[in-house]
Amino acid sequence: MFSVIHLATILVLLCLILLLFLGRRYICSQTDRLKFWERFAAISLFAMEISYHLWMSRTGRWGAEDSLPLELCSISLLAAIILLWTGDRRLVDFVVFAGIGGAIQAVITPVLDMNFPHFRFFHFFYTHAGIILTGLYFVWVKNYRPTFRGVLKTMIAVNALLPIIMAANWLFDGNYMFLRMKPQNGSLLDFLGPYPWYILSLEAVAFIMFSLIWLLLRKRSSRKKIVS
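Rules used in this analysis
- Residues numbered from 1 in each chain as written.
- Predicted model: local features only at pLDDT ≥ 70, side-chain atom pairs only at ≥ 80, totals over all residues.
- Heavy atoms only, no water.
- Phe/Tyr/Trp six-rings, centres within 6.5 Å; stacked < 30°, edge-to-face > 60°.
- Buried < 20%, exposed > 50% of the residue type's maximum accessible area, 1.4 Å probe, protein only.
- Helix = DSSP H or I, 4+ residues; strand = E, 2+ residues; numbered from the N terminus.
- Lys NZ or Arg CZ within 6 Å of the ring centre and 35° of its normal.
- 1 Å grid on protein atoms, 1.4 Å probe; cavity = no way out; pocket = protein on both sides within 12 Å on 5 of 7 lines; lining within 4 Å.
- Points joined across faces, edges and corners; volume = space filled by probe spheres on them.
- Nonpolar A, V, L, I, M, F, W, Y, C, P; charged D, E, K, R; others polar.

**Some words on the packing of aromatic side chains**
- One pass over the structure, following the stated rule, counts 14 aromatic pairs.
- Ring geometry for Phe121 versus Phe122: centroids 5.9 Å apart, planes at 85°, classification edge-to-face.
- In this structure Phe121 comes out as buried when scored by relative accessible area, which is 6%.
- Overall, Phe122 belongs to the partly exposed group, its relative accessible area being 40%.
- Judged by centre distance (5.3 Å) and plane angle (55°), the rings of Phe148 and Trp214 are tilted. Placement of the pair is Phe148 in helix α7 (residues 148-172) and Trp214 in helix α8 (residues 197-217), with a sequence separation of 66 residues.
- Judged by its relative accessible area of 33%, Phe148 is partly exposed.
- Ring-pair connections join several aromatic residues into one group, and the members of that group are Phe116, Phe121, Phe122, Phe124 and Phe125.
- Here Arg39 stacks its cationic end above the ring of Trp85, 4.4 Å away from the centre of that ring.

Now the structure itself:
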């Protein structure tokens, strides 16, 4: 964390975000090519994720207790892939708020045991960057308007997933979304209180983060000039 390669990777992501923002009008004008590139991005993210699971299986790392796509970023990645392929706007809120919020936290504090140039390094940052860029693409290029209602809908969606994830944790002796215990090696959760109260603290953190994303990305209404 915060090594030269980690900081360089964050810088690359920031440059891609800036390029997407500066080139949003040009990208909008390429209406006949957008569908192709959206589906290409979806296929590349899906292929990267499948390759990751194949790598875990071949190296004996895959296990139902920690390899199922039940973490927030894994769910957001699946939502982003489906959104890019289908354009179903019912998924945009989740990708913009839960996806961007979770992926930013993961990029800043990556949980990785493989460094550059290992495949796992590229998989981690490619998929998390893909979630962030997909959400921003639908805001800046596809003209999605983030709303506070979308924040509330995303909070409801995340909480609706919790019983499923808790059941999976019980069935497979897992700790998806850290709903059974905190990470053993220490994390930001150590500042959010003991179990199970830190889960409520996480709810507050998620709501604040989603609200900040809404405030940053919402469309400001231009003031009408009063002609005297």
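**Focus on the layout of surface pockets**
- Computed from the structure, the second largest pocket encloses a volume of approximately 740 Å³.
- Taken together, 21 residues form the lining of the second largest pocket, with Leu20, Trp37, Ala41, Leu133 and Tyr137 sitting closest to its centre.
- When contributions to the lining of the second largest pocket are tallied by element, the ones reaching two or more residues are α1 (4-22), α3 (31-58) and α6 (119-140).
- At 8 residues, the largest contribution of residues to the lining of the second largest pocket is made by α3.
- Here the lining of the second largest pocket is built from residues that sort into 14 nonpolar, 5 polar and 2 charged.

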